[in-house]
Amino acid sequence: MKEKELQEKIINKFKTNTFFDLIKNKHIVEKTLEKFSDDEMLPYLSVDYLLRLNYFKGCKIVLEGIENKEYNNELTILNGESIRNISLEDEQQLYPDLLLYNKSKGKYIIGELKRSKETERQAITELLGYELEIKNHLPLSANSDILMILISFDYSTLLQHSIESLILDSKPVMCLVPVIEDDEFQYFDIFVPDCWTNTNYPFLDEKAFQGTTYSIYNLSDQEEEKSIVDSLDMSLTAIEYVKGKCEKYKLHGFSLIWLPDDLEGKRICITIFLVNPYYIFYHSSNRTAGTPITDNINENIEDYQLHAMNYDMVHFVFSEADRYLRQDMDVMIDSNMDLHSFRKYMIYKGNAVKCDCWGEFGESIRLAFLKENIRKGINPRWGDFHEPVVFFKLFDLITENYIFVSGFDNLYDYFIFGVKIGCLSNLCIYYSAIKTNDEGESVDENNIVTETIIPLISQLKNRILWEIYKLENSLQEIQMRYDLDLEMKRFDVSDKKCFDELSQYMLDFMVKFKKHINEKCQLIMDMGYQNGAFFDDFFWKMTGLEQQNFFKSNIIDTIYPVFCEGLRELIDLQDISIDSELFQILIELSEIFPVSFTGGREGAHQLCKEYAAIPAKQFNETMDGLEKDLKARLVKKYFKYVLMQSKSFEVRSEYISTMDLLKKFDMDFLLKCVTQERNKQNRICIYIKDNDSPAIVQAVDGTVLAKKIDLAPKEKIAVYREYGGIELIEFIDLQELSSYFSG
């Protein structure tokens, strides 16, 4: 059937059916978006899922644009039955195959029909050309005012890449495949482009956000309080310039206005963070693809460390803000660092005031704030996502950056939770013990101000504040899981009286939490709580030599035996990945034990086998005979890695079947990921975390999981989950899985 003939048949069908009704599988759009927007589904920002999600969002806009709700002749056919030139200039020839106008919504719909592979190469060029001409008629029209529909029997790789480029540019586009029966056009099916190669970099982490801090100095002779207010007002306006430029150039990131803890009182700081795509590439599975582009990127990363420092774009987006601020202020570049380092830096340096965000990251923050289950944990008095306490709560949620994010099956989470609670409680007690006057200044026993301790007070307050930010989601996760009889609170760190209350609240929370978990988890959490200072650099620096020796002695007596037992168990199971941090301890101890490491991957595997061959009694006696300082250092460096691979055996109240869990998610996307990874010869499985969320994971060579996955027949996928610390491996037929969820 020729293109013109198919076009006539489609137009004839419009006379008896609406365009909207002719699209038969449009339910997949709503079904997918419902899964993502379900209030029970925690928000997340997945680089690999972004294009698919935005495509369905665009499809929804297009479907709403062609749906006849108010009256049957809502859509006017401008081009279709007859093809006319839409150009304002007679000498220019622009003939769209289909041009519709929605009367009630004021939207134009451009349809382009491609029957052959020869013409499909022109499809996107033509759609963009027709879109521009409509904007020529209606200057400054929004992307959402002009909807695009591509109709084709076949979508080549090049065409799919072109379509997804439109999606990245926030243009609403929908792809349709005409269904022909008995040489007659019957209806359309929505086609979902699938040319994105997964990065296997599931969530943005703190180090992907790299930023620059600008110090803003007020040049006037105003009093300190008025000077800061004026600087803050101008800084908020400066952020509007930054945000506008970032939205224009499709950049993703956020800003933070903060007050530094210095004694000058004349300075305010603005830090701009942008997502560094080189960092994502560096940590993605595509890094080893071997294309000319990957080779070039790898070379530049090696030469210029682009994955770790890419700050030129920040200076570009700040340029107009800089011009504005310099009218009344002095602006200086202060420092460059990633967000992970910055959050540690803020403990010593400053107090966050206001946040803002943009791009896909900003969209994720705003959508998360809309979710009812998230809002339940946010006190209305806290304000919105511009307030740091709310912003960082949402940030840690969508980037999965908090304790117990994957559920309650990992012992390390219990340990580090104990460390955090212990340190926070002790910091509050320490701060409360400092004597201050009515102005909040530290004073001695004679009420004389002691200026030397002022920076320490400021650091303590900042550390407490940033620890609260980090614990917000963990406390809520525990509250939701175990329904603790304890109200979630927010504490005003500007009021010194709150610190005793905060310390007691954290202790009460931990006591109530312990009633719901097993003895093993309680023991590990208590270890963290009682020895937190040893594992926390900030607290350790405040600890005197006598106290440090006490902690080291306690570590050797209580934690070191648990560390040795866990390490030996992993050695016996041969479940230490040669690519992991934990493998380094085997190398470090190779001079003490009768083993040898010859280097390379084969040598690494052999080293693991040699350790496993050492009798348990000999292993324990050797470990017990190490020097005390070495024991303490091994615990501090490696205990967390042992715990990360240790199970809690914390059983949930009710068991949910694997199929019922998978039903909640976009399985079509997961199955496509499985196919793509298998084509790369990667050893993968569907991993269901303790919090019920699935992910495609690649098993590390040499681990127990990898060996189990190798047992899966080719036509089946291994589904790996943990229930109460017990590993459950199911082999599910891919064909059955696909038909089950499509049905």
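Here, the structure is the one placed above.
Each value, and the rule that gives it
- Residues numbered from 1 in each chain as written.
- Predicted model: local features only at pLDDT ≥ 70, side-chain atom pairs only at ≥ 80, totals over all residues.
- Heavy atoms only, no water.
- Helix = DSSP H or I, 4+ residues; strand = E, 2+ residues; numbered from the N terminus.
- Buried < 20%, exposed > 50% of the residue type's maximum accessible area, 1.4 Å probe, protein only.
- Contact = heavy atoms within 4.5 Å.
- Areas by Shrake-Rupley, 256 points an atom, 1.4 Å probe, with all protein chains shown as cover.
- Core = buried A, V, L, I, M, F, W, Y, C linked by side-chain atoms within 4.5 Å.
- Patch = residues over 30% accessible without salt bridge, like charges linked within 9 Å, V, L, I, M, F, W, Y side chains within 5 Å.
- Salt bridge = Lys/Arg side-chain N within 4 Å of Asp/Glu carboxyl O.
- Lys, Arg positive; Asp, Glu negative; His and termini not counted.
- Charge placed at Lys NZ, Arg CZ, Asp CG, Glu CD.
- Pairing = 2+ DSSP bridges.
- Axes fitted to C-alpha atoms, helices over the stretch in contact; angles between N-to-C directions.
- Phe/Tyr/Trp six-rings, centres within 6.5 Å; stacked < 30°, edge-to-face > 60°.
- Lys NZ or Arg CZ within 6 Å of the ring centre and 35° of its normal.
- Polar contact = N/O pair within 3.5 Å; in protein donor to acceptor, adjacent residues only side chain to side chain.
- Parallel < 35°, antiparallel > 145°, perpendicular 65-115°, else oblique.

A. Quick look at the overall build of the protein chain. Looking only at helices and strands, one finds 30 helices and 15 strands in the protein chain. Within the protein chain, the proportion of its 743 residues that are buried is 50%. Within the protein chain, residue pairs in contact and separated by at least 24 positions form 72% of the contacts whose partners lie at least 6 positions apart. A total accessible area of about 35700 Å² is found for the protein chain, and carbon and sulfur atoms account for 50% of it.

B. Highlighting the nonpolar core. Counting 78 residues, the largest nonpolar core has Phe 417, Phe 513, Phe 563, Leu 567 and Met 623 as the members making the most contacts within it. Among the elements that take part in this core, helix α16 (residues 411–433) stands out by supplying 13 residues, more than any other.

C. Highlighting a negative patch on the surface. Together, Glu 5, Glu 8, Glu 181, Asp 182 and Asp 183 give the surface a local cluster of negative charge. Note that Glu 181 resides in strand β5 (residues 173–181). Classification of Glu 181 by relative accessible area gives partly exposed; the value is 39%.

D. Representation of the pairing of strand β8 (residues 253–260). Most of β8 is tucked away: seven of the eight residues are buried. The sheet contact formed by β8 and strand β9 (residues 267–275) spans six bridges and is antiparallel. The partner of Phe 254 across the bridge, within β9, is Phe 273. The sheet contact formed by β8 and strand β11 (residues 350–358) spans eight bridges and is antiparallel. Counterpart to Phe 254 in the pairing with β11 is Cys 357.

E. Highlighting the environment of Ile 717. Along the polypeptide, Ile 717 turns up in strand β14 (residues 716–723). Overall, the relative accessible area of 0% leaves Ile 717 in the buried class. Sequence separation of Ile 717 and Phe 731 is 14 residues, and the distance between their C-alpha atoms is 5.5 Å. Those residues in contact with Ile 717 that lie beyond four places of it in its chain are Val 674, Arg 678, Ile 684, Cys 685, Ile 686, Glu 730, Phe 731, Ile 732, Leu 734 and Leu 737.

F. Seen up close, the sheet that holds strand β10 (residues 329–338). The sheet built from five strands is open, its strands ordered β10-β7-β9-β8-β11 with antiparallel pairing. Two strands bound the open sheet, and with one partner strand each, they are β10 and β11. Put simply, the sheet's adjacent strands are angled 20° from each other on average, direction ignored. Contacts between helix α13 (residues 359–370) and the sheet are confined to β7 (209–218), β8 and β11, with β11 contributing the most and set at about 105° to the helix.

G. Focus on the pattern of salt bridges. Throughout the structure, instances matching the rule amount to 28 salt bridges. With its nearest N and O atoms 3.8 Å apart, the salt bridge here joins Lys 470 to Glu 206. Here Glu 206 lies in the loop between β6 (184–191) and β7 and Lys 470 lies in helix α17 (residues 454–482), a separation of 264 residues in the sequence. Look at Lys 470 and you get partly exposed, because its relative accessible area is 26%.

H. The arrangement of the packing of aromatic side chains in detail. Here the structure, examined in full by the defined rule, presents 53 aromatic pairs. Clustering of aromatic rings is evident, with ring pairs tying together Phe 209, Phe 254, Trp 258, Phe 273, Phe 342, Tyr 345, Phe 361, Phe 391, Phe 392, Phe 395, Trp 466 and Tyr 469. Its end group placed over the ring of Phe 316, Lys 245 keeps NZ or CZ at 4.2 Å from the ring centre. The ring of Phe 619 carries the charged tip of Arg 568 above its face, separated from the ring centre by 5.2 Å.

I. Seen up close, the side chain of Asn 276. As for its position among the elements, Asn 276 is in the loop between β9 and α8 (277–282). Looking at Asn 276, the relative accessible area reads 2%, which means it is buried. Reaching out from Asn 276, the side chain makes a polar contact with the backbone oxygen of Leu 306 at a distance of 2.8 Å. Ignoring sequence-local partners within four residues, the contact set of Asn 276 consists of Ala 208, Gln 210, Leu 306, His 307, Ala 308, Met 309 and Asn 310.

J. Quick peek at the sheet that holds strand β2 (residues 98–102). Pairing within the open sheet is mixed, and its six strands lie in the order β1-β2-β3-β4-β5-β6. At either margin of the open sheet sits one strand with a lone partner, and together these are β1 (75–79) and β6. Each neighbouring strand pair of the sheet contributes to a mean axis angle of 30°, computed without reference to strand direction. With seven bridges connecting them, strand β3 (residues 107–114) and strand β4 (residues 146–152) associate as parallel partners. Bridge pairing in β4 links Tyr 108 to Ile 146. Running over the sheet, helix α1 (residues 3–14) touches β1, β2, β3, β5 and β6 and is turned about 90° from β6.

K. Broad picture of the side chain of Glu 467. Mapped onto the elements of the fold, Glu 467 is located in helix α17. Since its relative accessible area comes to 6%, Glu 467 is described here as buried.

L. Representation of the pairing of β6 within the structure. By the bridge criterion, seven bridges tie β5 to β6 in an arrangement that is antiparallel. When the sheet's bridge partners are listed, Ile 180 is paired in β6 with Phe 185. Counting the residues between successive antiparallel strands, the hairpin from β5 to β6 contains two residues, one of them, Asp 182, with a positive phi of roughly 55°.

M. Main features of the environment of Pro 193. Summarising the element assignment, Pro 193 is placed in the loop between β6 and β7. Separated by 19 residues in the primary sequence, Pro 193 and Met 174 place their C-alpha atoms 9.6 Å from one another. Aside from chain neighbours lying at most four places away, what touches Pro 193 is Tyr 55, Gln 160, Ile 163, Glu 164 and Cys 175.

N. Layout of the packing of α16 against helix α26 (residues 628–644). Here α16 crosses α26 at 135°, and the two axes come no closer than 6 Å. When the axis of α16 is compared with that of α26, the two are oblique. In this structure, α16 uses Leu 411, Tyr 412 and Phe 415 to contact α26, whose residues at the interface are Phe 639, Lys 640, Leu 643 and Met 644.

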